[in-house]
Amino acid sequence: MSRILAINDISCVGKCSLTVALPVISACGATCDILPTALLSTHTGGFTGYTFLDLSSEMEKIAAHWETLGLRYDLIYSGYLGSRSQIQFVKDIKRRFLKEDGIFIVDPVLGDNFTFYKGFDEQFAKEMLSLCSEADYILPNETESFLLTGERDFSAALQKLAAFCPHPVITGANDKDGYFLYYYDKTEKRMPLKKIDGNFHGAGDVFASAFSGCIANGIAIDDALRVTSDFCYRSIARSEHEVKDRKYGLNYEKEILPFLEDLARLINK
Ligand code: PXL
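The structure presented is a predicted model; accordingly, all values stated were derived computationally and were not measured. (Residues numbered from 1 in each chain as written. Predicted model: local features only at pLDDT ≥ 70, side-chain atom pairs only at ≥ 80, totals over all residues. Heavy atoms only, no water.)

Draft legend 1. Inspection of the environment of Leu181 at higher detail. Position of Leu181 relative to the elements: it lies in strand S10 (residues 178-185). The sequence separation of Leu181 and Thr115 amounts to 66 residues, and the corresponding C-alpha distance is 20 Å. Once you skip the residues sitting within four places of it in the chain, Leu181 turns out to touch Val169, Ile170, Thr171, Gly172, Lys189, Arg190, Met191, Leu193, Phe207, Leu225 and Ser229. (Helix = DSSP H or I, 4+ residues; strand = E, 2+ residues; numbered from the N terminus. Contact = heavy atoms within 4.5 Å.)

Draft legend 2. The pattern of salt bridges, seen in detail. Within this structure, the stated rule accounts for 22 salt bridges. Two residues, Lys99 and Asp74, come together in a salt bridge whose shortest N-O distance is 2.6 Å. Here the residue Lys99 occupies a position in strand S5 (residues 98-106), and Asp74 occupies one in strand S4 (residues 73-78), the gap between them amounting to 25 residues. Between Lys269 and Asp223 there is a salt bridge, and its shortest N-O distance comes to 2.7 Å. Of this pair, Lys269 sits in the segment after helix H9 (256-267) while Asp223 sits in helix H8 (residues 221-242), and the two are 46 residues apart along the sequence. (Salt bridge = Lys/Arg side-chain N within 4 Å of Asp/Glu carboxyl O.)

Draft legend 3. Region of the structure containing the environment of Phe47. Of note, Phe47 is situated in the loop between strand S2 (31-42) and strand S3 (52-54). Distance in space between the C-alpha atoms of Phe47 and Lys247 is 7.5 Å, their sequence separation being 200 residues. If we ignore the near neighbours within four places in the chain, the residues touching Phe47 are Thr42, Lys118, Lys247 and Tyr248.

Draft legend 4. Representation of the pairing of strand S9 (residues 167-175) in the model. For S9, the buried fraction is high: eight of the nine residues fall into the buried class. Both strand S8 (residues 137-138) and S9 contribute to a ladder of two bridges, which runs parallel. By the bridge assignment, Ile138 is partnered in S9 with Pro168. With five bridges connecting them, S9 and S10 associate as antiparallel partners. Residue pairing across strands places Ala173 opposite Phe180, the latter belonging to S10. (Buried < 20%, exposed > 50% of the residue type's maximum accessible area, 1.4 Å probe, protein only. Pairing = 2+ DSSP bridges.)

Draft legend 5. Molecular detail of the environment of Glu255. As for its placement among the helices and strands, Glu255 is situated in the loop between H8 and H9. It is 8.8 Å that separates the C-alpha atoms of Glu255 and Arg238, two residues lying 17 residues apart in sequence. If we skip the residues at most four places from it in the chain, Glu255 touches Phe231, Arg234, Ser235 and Arg238.

Draft legend 6. A look at the sheet that holds S3. Read from one edge to the other, the open sheet built from nine strands follows the order S3-S2-S1-S4-S5-S8-S9-S10-S11, with strand pairing classed as mixed. The sheet is open, and its two edges are formed by S3 and strand S11 (187-192), each paired on a single side. For strand S1 (residues 3-13) and S2, the ladder comprises nine bridges, and the chain directions are parallel. Counterpart to Ile4 in the pairing with S2 is Cys32. Lying over the sheet, helix H1 (residues 17-27) contacts S1, S2 and S4, oriented at roughly 140 degrees with respect to S1. (Axes fitted to C-alpha atoms, helices over the stretch in contact; angles between N-to-C directions.)

Draft legend 7. Region of interest: helix H5 (residues 142-149). Most of H5 sits inside the fold, with seven of its eight residues counted as buried. Residues of H5 that are buried: Glu142, Thr143, Glu144, Ser145, Leu147, Leu148 and Thr149. Each element contacted by the buried residues of H5 is listed here: strand S6 (111-112), strand S7 (115-116), helix H4 (122-132), helix H6 (154-162) and S9. Measuring from the side-chain oxygen of the N-cap residue of H5 to the backbone nitrogen of Thr143 gives 3.0 Å; that N-cap residue is Asn141. Phi for Gly150, located one or two positions after H5, is positive at around 75 degrees. (Polar contact = N/O pair within 3.5 Å; in protein donor to acceptor, adjacent residues only side chain to side chain.)

Draft legend 8. Focus on the nonpolar core. Judged by nonpolar contacts, the single largest core of 45 residues is most densely connected at Phe211, Leu225 and Phe231. Mapped onto this core, the elements with two or more residues apiece are S1, H1, S4, S10, helix H7 (203-216), H8 and H9. Among the elements that line this core, the one with the most residues is H7, at nine residues. Ignoring any residue separated from it by four or fewer positions in sequence, one finds Phe211 in contact with Ile105, Tyr137, Leu139, Ile221, Ala224, Leu225 and Thr228. Residues Phe97, Phe120, Ala135 and Ile138 belong to the second largest nonpolar core, which totals 43 residues. (Core = buried A, V, L, I, M, F, W, Y, C linked by side-chain atoms within 4.5 Å.)

Draft legend 9. Structural view of the packing of aromatic side chains. Overall, the coordinates contain 11 aromatic pairs when judged by the stated rule. On the basis of an interplanar angle of 85 degrees and a centroid distance of 5.3 Å, the ring pair of Phe47 and Tyr248 is categorised as edge-to-face. Placement of Phe47 in the loop between S2 and S3 and of Tyr248 in the loop between H8 and H9 is noted, with a sequence separation of 201 residues between them. We classify Phe47 as buried; its relative accessible area is 9%. (Phe/Tyr/Trp six-rings, centres within 6.5 Å; stacked < 30°, edge-to-face > 60°.)

Spelled out as structure tokens, the structure:
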């Protein structure tokens, strides 16, 4: 069984980061260990008055203990990081705990709607780009691809990102002629997506977790992106009707089973 390490925050309410990564990655049949970066009462997108406990010093102690256990990971997936020093620490974690042939996936969580999430700035984006340069796959949304490269044109942004990482994926690009995944797999590719208008908080975390689960199962990037996008689309379609307040996240739970059926078909292909 693959062993995955998910590095992300625990937002107690709002269905994002580790509260999504754990169920989705485990359902894909992988062991999902966690390294929490921060503990928040809710995520920061749309809630006010949330609590935030930085877990940086605890992360160091956790890693020191793991070293005594000789733990090594097949895949490390990093998401929301609370500070520039945490970005540096994730590089250190990769060196210490990723197997030699292991896979590193970075979701460069920076912002949405063409603005930074609270607490992030240009300098943080620069640091995040240096983490991206150590990754096998990066999963920026369209805002993050802009914040990382300064390019609003997706093809230009993808080319720039491809200079840092072999497999950049822009996870939801609103183009003049439709809605697409832009990704790079030796050459530039563009996959059309079905689109539901609106801003659905937590969709990026569902995407990154499901994609990590697919890659851990040895699924090729095109197939992994297709079934992951379908899972996200169905979760968004359900949430459009079921979730009144979008900041509470996606109702993805009942869509896990059909996603796993898609994944099982790919595994048996
Ligand atoms: O969904 C990304 C995310 C993760 N973690 C925290 C966040 C956000 C986005 O707002 O605030 C704490």
